[in-house]
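Summary of structural features
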Amino acid sequence: MTAPPPLPILDLRELEDTPVTELFETLRSGPDGLSDEEAGRRLAVFGRNELEEKRVHPLLRFLAYFWGPIPWMIEVAALLSAIVGHWADFAIISVLLLVNAVIGFWEEYKADNAIELLKRKLALTARVLRNGEWRTLPAAELVPGDVVRIRLGDIIPADLKLISGLSLDVDQSALTGESLPVEKTPGEIAYSGSIVQRGELEALVVATGMNSYFGRTAKLVESAQSESHYQKAVLQVGHFLILSTLGLVGIVLIAALFRGTPLLETLQFCLVLTVAAIPVALPAVLSVTMAVGAVRLARHQAIVSRLVSIEEMAGIDVLCCDKTGTLTQNKLVLEEPVLFEPVDSQEIIRLAALASRDPERDPIEHAIYERLEDGGAGLGDYEVEHFEPFDPIRKYSNARIRHGSERFEVAKGAPQAIFTLCCREDANASELARRLEATVSELASHGYRTLGVARRNEGDARWRYLGVLPLADPPREDSAAMLREAREKGVQIKMVTGDHTAIAREIAARLDLGTRIRSVHEIFVDGQALDLDAIESADGFAEVFPEHKFAIVEGLQRRGHIVGMTGDGVNDAPALKKADMGIAVSGATDAARSAADLVLTAPGLSVIIEALKEARRIFERMTSYAIYRIAETIRVLLFMTLAILVFDFYPVTAVMIILLALLNDGPIMMIAYDNTKVDERPVRWRMNEVLTLSTALGLVGVFSSFGLFWLGERLLDLDRPTIQTLMFLKLTVAGHMTIYLTRSIERPFWRRPWPAGRLFWTAEATQVVATLFAVYGFFMKPIGWDLAALVWAYALGWFGFNEIVKRGTHRLIAHRTRAVRGHVERIHERLQPGRPHGWDRARRWNPRRTGGDDHV
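So, here's what we can say about the structure. None of the values given here were measured: they were computed from a predicted structure.

Glancing now at the overall build of the protein. Secondary structure assignment for the protein yields 31 helices and 26 strands. Evaluated residue by residue, the protein yields a buried proportion of 55% over its 856 residues. A sequence separation of at least 24 residues applies to 70% of the contacts in the protein between residues at least 6 apart. Put simply, the protein shows about 37,200 Å² of open surface, and 57% of that area lies on carbon and sulfur atoms.

Here you go:
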C-alpha cells in the first residue's frame, strides 16, 4: 500500500476564497476532525504548534567573549607574562580577562532569555474534535486538518478557516493594529493570537506554528539585525589603542636590536608596555555603567532586555510611536451624543445600555455603561422583557422594556440600519437621511465610529430616531505631555498605525503631533520602492502593515537617524527588533516584549522620558571613561617608550604597572555611579572629538612626567629606583585627578554636578593607598613623606594647567566644527539652492539628507 502524498503548506492569502469543502479535501480531513493516529503523523511532519528558535550553545557564546581585538590584547599580555615567567602578572591579567567575559556573558544570557516569551503568546489549550469527541488539548499539539471550537474569551490557537456558526467579533489589534474588533463570518480566516470577543464558531486549522501569520511575523523579527553604536565605539577605541601599541612596540624592538638588548629584557618591556596600553577594564566598565543605569530604570518600572540598547537610547532622534495602545488607551470611549430628538444625553445613553447584554466582554457596550452617571445602577428599575442580540444581517440589537406602567422598545446598531428601521415606510424621511449622512460623515472624518439609537413606545407604529453615539479610542492622559517633553529633548515623534488616515489625523491633532499624516500608499511607490523623503517629512503613517513598519524604521536608519520604536502588539515586533531602541509599553504582548530592548511594566509613556534622561547620563559617563582611558594610555605608553629610547631607562617596573592598573580599576568602576548632566539634544559618539581631546590631555601628561623625571634626576640627584617610585606615585595621583577633568568636558571641573560620593572617595582612597606604598616601600623603594608631598604638589599644579588645556581644546573643536558646518552649508546652497542641508538632529553631517551629495 503506497503512502499518501504529503500535505501542502497552504498560502494564507488564498484561503479566504477557498471553499471549506475544498479545504477539507486538500487537508484530508472532515467535519468529524482527525483521529489520534493521523494527528500524531501530522505532528511529526508539521512540528509542534509553537515558535522555533535557533539556539547557540552557551559554551560557544561564552567563548566568543575571548575573541576580538581587546580580548586578543589581554591574551597576548598574559602569554608574554608566562613566557618571561611572571606568573603573578599572568594570574592577575587572566583573572581580569575572565571576570570581563563572565560579566558580558551573564548580561547577554539574561537578555536572550526574553525570547522565550514569544512561545507563551500561543494559546495554552484548545477544544479539539478528535476521534469524533471534543477534547481539551495543549494548543501545541494542533495540526492542519484539526477541527476546533472557539468562543467568547478564547485566544485563537492557530490560523483557522471558520466553517459553521453565525459570526465572531475578533480583537486582532495585536496582529494588525486595528483598534476596533473585526467581524468574522464563516468562510473567513481568523489568525493565531487574536482574541474572540463575541460569538462561537467551529473552525478548521489551516496553519500552525511558524507557518501561521504569527509564525511568519516571528520569522520577520528573526531577520531584523541591528549593530550597536556602542559596539562600534568600543571597537574604535580598541583599534586606536592596538595600533598605537603596535607602533610604539615596533619602535622599541627596532631600537633594542640596534642596542643589542637581551631578548628576555626586551620581551619583559613589551609585556609592561602591552599591559600599560590594554584597556583591560574597558568592556567591563562600560557594561557596569549600563547595568547600573538598567537598575535605575527598573525602579521606574522599565526593564532593559538588551544592555547595550541603553546607550542607543541616548542618541535617538526619531521615535516611532504605535498609536493603538501606545498613544491611545486601546479601549473605546463614548463621546457626547449627537441628538436628533429633544431628549437628554443621559437618556439616550441609558436606552443604548438597555439594548446591550454583555458590558464586561463587549468593548462597545462597556463604553456605553461607563458613560452612565449612576454607573448603570438605575437600570435596575427597568425590566427587559425580551432581548434580541446583534445580528450581522440586520446589524442592530433591540429590547422590549417595562418601566413601571410604561412599555417601550429600544434599538441600537449601525446608523443606516437604524434609519431603515425608523423610516422604512416614511416617504418624507429625506431630511433625516441628509442629516444622518452629514453627521456620520463628519464624525468619521474625525475618526469616530458611530451607533444609532431609536425608541418606539407601546402602541406607536413608528420608531423615533433619537440620535447617534460617537465612539473613539482616545489618547492616553500622559501622551501629550510625553510627546511635548520628547520634542524638548530633541526627539522627533512619528505616529505609526494600522488605522484609517482619518482616525490617525484626529489623534495627531489632539496630541499636537502634526498634520502630515501619510498613508502607506503615499510612501511605497508601486508597492515596493520606498520614498525616503516622504518617510522623513511625515508626522505619522496610517494603514500600515507589519512589513511597512519594518521598512519605515529601516528607511529612517538609512537617512542616518537613530530610531526608537514603541509598540504593544505582535505586529510591532519586527520594527521593535529592527529599531535601535525597541520599547514595549505596559500590557504589550509577549512577542512585542521579546523583540523590545526596553519593556515598560507601568501604564503610560512618561517613563520613556526618564529612560532618555538616564541614557544620556550613562552616555556622558561612558564618554568620560573613554577619554580618560585613552589619555592615560597615551600618557603611560608614550612616556615609557620615549624614556627607553632616549634615556635607556625603565621609568616604572612591571609590578608597578600591575599595581597602577589595579588601583585605577576602583575609581573607573565608580564612574558608573557618577553625577552627570542631561544633554538637551540626542548624543552620539564623536570619536574624532574624543580622540583629539584625550590625545591633548595625554601629551600634556607626557610632558609633566618628563618634567618630574628631570626634576628628580638633575635637581634632586635621586637614584633611578627612587625615581621609579616617584613616577609610580605621580602616574597614580595625576591619573586619578584626570577623572575629574574628563567627567566635565564642556564646563570647568568645579561646576555642578559635582562628583558622586562613591567616585570621589574611591579616587581619594586609592591615591592614599598609592602614597602609602611609595612612602613605605611596598614592592618599590621607599621615598618618605617629603618626596611624596612634592609629587602631590607637582600633580596639583599640572592639574590646573590640564584644565586650561581641556577647555581650550574643546573650544577649538567646537569652533572648527561650526566653521566646517557653515562652509559645507554654503557650498551646498551654492550647488543646490533651496534644498535642505545635510545636518541631522544630532548635528552630524549626513550626505543622504541632501540626496547623496557625498562630494560636497
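Once you've had a look at it, read on.
It is worth spelling out the sheet that holds strand β5 (residues 168-171) at this point. Taken in spatial order, the three strands line up as β6-β5-β8 in an open sheet, and their pairing is antiparallel. What marks the edges here is a single partner per strand, and that holds for β6 (182-184) and β8 (195-198). Here the average twist between neighbouring strands, direction ignored, is 45°. Both β5 and β6 contribute to a ladder of three bridges, which runs antiparallel. Paired with Asp 169 across the strands is Glu 183, a residue of β6.

Viewed as axis vectors pointing N to C, helix α26 (residues 606-647) and helix α28 (residues 687-715) meet at an angle of 40°, and their least axial separation amounts to 7 Å. Here α26 is positioned oblique relative to α28, judged by the angle of their axes. As α26 runs across α28, the sense of the crossing is right-handed. Looking at the contact of α26 with α28 residue by residue, the classes come out as 18 nonpolar, six polar and one charged.

Position of Glu 764 among the secondary structure elements: in helix α30 (residues 757-776). Despite its burial, Glu 764 pairs with no opposite charge; the closest candidate is Arg 743, at 11 Å N-O. When sequence neighbours within four positions are dropped, the list of residues in contact with Glu 764 reads Tyr 740 and Trp 792.

A grouping of Val 655, Val 768, Leu 772, Tyr 776, Phe 778, Phe 779 and Trp 785 is seen on the molecular surface, where their side chains present a nonpolar patch of about 730 Å² in accessible area. The leading source of residues in the nonpolar patch is α30, at three residues. With respect to the secondary-structure elements, Val 655 resides in helix α27 (residues 654-670). A relative accessible area of 37% means that Val 655 is categorised as partly exposed.

Moving on, we come to the nonpolar core. Judged by nonpolar contacts, the single largest core of 55 residues is most densely connected at Met 313, Leu 483, Ile 493, Met 495, Ile 583, Leu 598 and Leu 600. The element best represented in this core is α26, accounting for 14 residues. When residues no more than four places from it in sequence are discounted, the contact partners of Met 313 are Met 581, Ile 583, Leu 598, Ile 608, Ala 611, Leu 612 and Ala 615. The next biggest cluster of nonpolar side chains, apart from the first, holds 40 residues, and it includes Ile 657, Leu 718, Val 775 and Tyr 794.

Taken together, six strands build an open sheet; the order of strands is β2-β1-β3-β9-β4-β7 and the sheet is antiparallel. Whereas interior strands pair on both sides, the edge strands pair on one side only; in this sheet they are β2 (133-138) and β7 (189-190).

Once that is clear, we can look at the pairing of strand β25 (residues 581-584). Alternating residues of β25 divide into Met 581 and Ile 583 and Gly 582 and Ala 584, and every residue in both groups is buried. Pairing analysis gives four bridges linking strand β24 (residues 563-567) to β25, with the strands arranged parallel. Bridge pairing in β25 places Gly 567 opposite Ala 584. With two bridges joining them, β25 and strand β26 (residues 598-600) adopt parallel strand pairing. Each residue of the ladder has a partner; that of Ile 583, found in β26, is Leu 598.

The first and last C-alpha atoms of helix α18 (residues 430-445) sit 22 Å apart over 16 residues, in line with the 22 Å expected at 1.5 Å per residue. Buried within α18 we find Leu 436, Thr 439 and Leu 443. With its buried residues spanning 70° around the axis, α18 presents them on a single face. Structural note: α18 exposes Glu 431 and Glu 437 on the side pointing more than 90 degrees away from its buried face. Of the residues trailing α18, Gly 447 is marked for its positive phi of about 85°.

Using the criterion set out here, one finds 13 aromatic pairs in the structure. Ring plane angle 85° and centroid distance 6.1 Å describe the contact between Tyr 776 and Trp 785, whose orientation is recorded as edge-to-face. Trp 785 sits in the partly exposed class, given a relative accessible area of 48%. An aromatic cluster of three or more residues is present, and its members are Phe 639, Phe 647, Phe 649, Phe 706 and Phe 709.

The topology assignment puts Thr 725 in helix α29 (residues 720-742). If we ignore the near neighbours within four places in the chain, the residues touching Thr 725 are Met 656, Ala 774, Met 780, Lys 781 and Ile 783.

Next up on the list: the state of the cysteines. Summed over all chains, the structure comprises zero disulfides. With no disulfide of its own, Cys 422 has Cys 423 as its nearest cysteine by sulfur position, at a separation of 5.6 Å. Here Cys 422 falls in the buried class, since its relative accessible area comes to 5%.

Taken as a whole and assessed by the stated rule, the structure comprises 32 salt bridges. Notably, a salt bridge pairs Arg 456 with Glu 409, separated by 2.7 Å at the nearest N-O pair. Here Arg 456, found in strand β17 (residues 449-457), pairs with Glu 409, found in strand β16 (residues 406-413); they are 47 residues apart in sequence, far enough to count as distant. Between Lys 613 and Glu 485 there is a salt bridge; the shortest N-O distance is 3.5 Å. Here Lys 613, found in helix α26, pairs with Glu 485, found in helix α19 (residues 479-488); they are 128 residues apart in sequence, far enough to count as distant. The exposure class assigned to Lys 613 is buried, which follows from its relative accessible area of 18%.

The rules we used
Residues numbered from 1 in each chain as written. Predicted model: local features only at pLDDT ≥ 70, side-chain atom pairs only at ≥ 80, totals over all residues. Heavy atoms only, no water. Helix = DSSP H or I, 4+ residues; strand = E, 2+ residues; numbered from the N terminus. Buried < 20%, exposed > 50% of the residue type's maximum accessible area, 1.4 Å probe, protein only. Contact = heavy atoms within 4.5 Å. Areas by Shrake-Rupley, 256 points an atom, 1.4 Å probe, with all protein chains shown as cover. Pairing = 2+ DSSP bridges. Axes fitted to C-alpha atoms, helices over the stretch in contact; angles between N-to-C directions. Parallel < 35°, antiparallel > 145°, perpendicular 65-115°, else oblique. Left-handed = near helix turned anticlockwise from the far one by under 90°. Nonpolar A, V, L, I, M, F, W, Y, C, P; charged D, E, K, R; others polar. Lys, Arg positive; Asp, Glu negative; His and termini not counted. Salt bridge = Lys/Arg side-chain N within 4 Å of Asp/Glu carboxyl O. Patch = residues over 30% accessible without salt bridge, like charges linked within 9 Å, V, L, I, M, F, W, Y side chains within 5 Å. Core = buried A, V, L, I, M, F, W, Y, C linked by side-chain atoms within 4.5 Å. Expected span 1.5 Å × (residues − 1). Arc of directions from axis to C-beta. Phe/Tyr/Trp six-rings, centres within 6.5 Å; stacked < 30°, edge-to-face > 60°. Disulfide = S-S within 2.5 Å.

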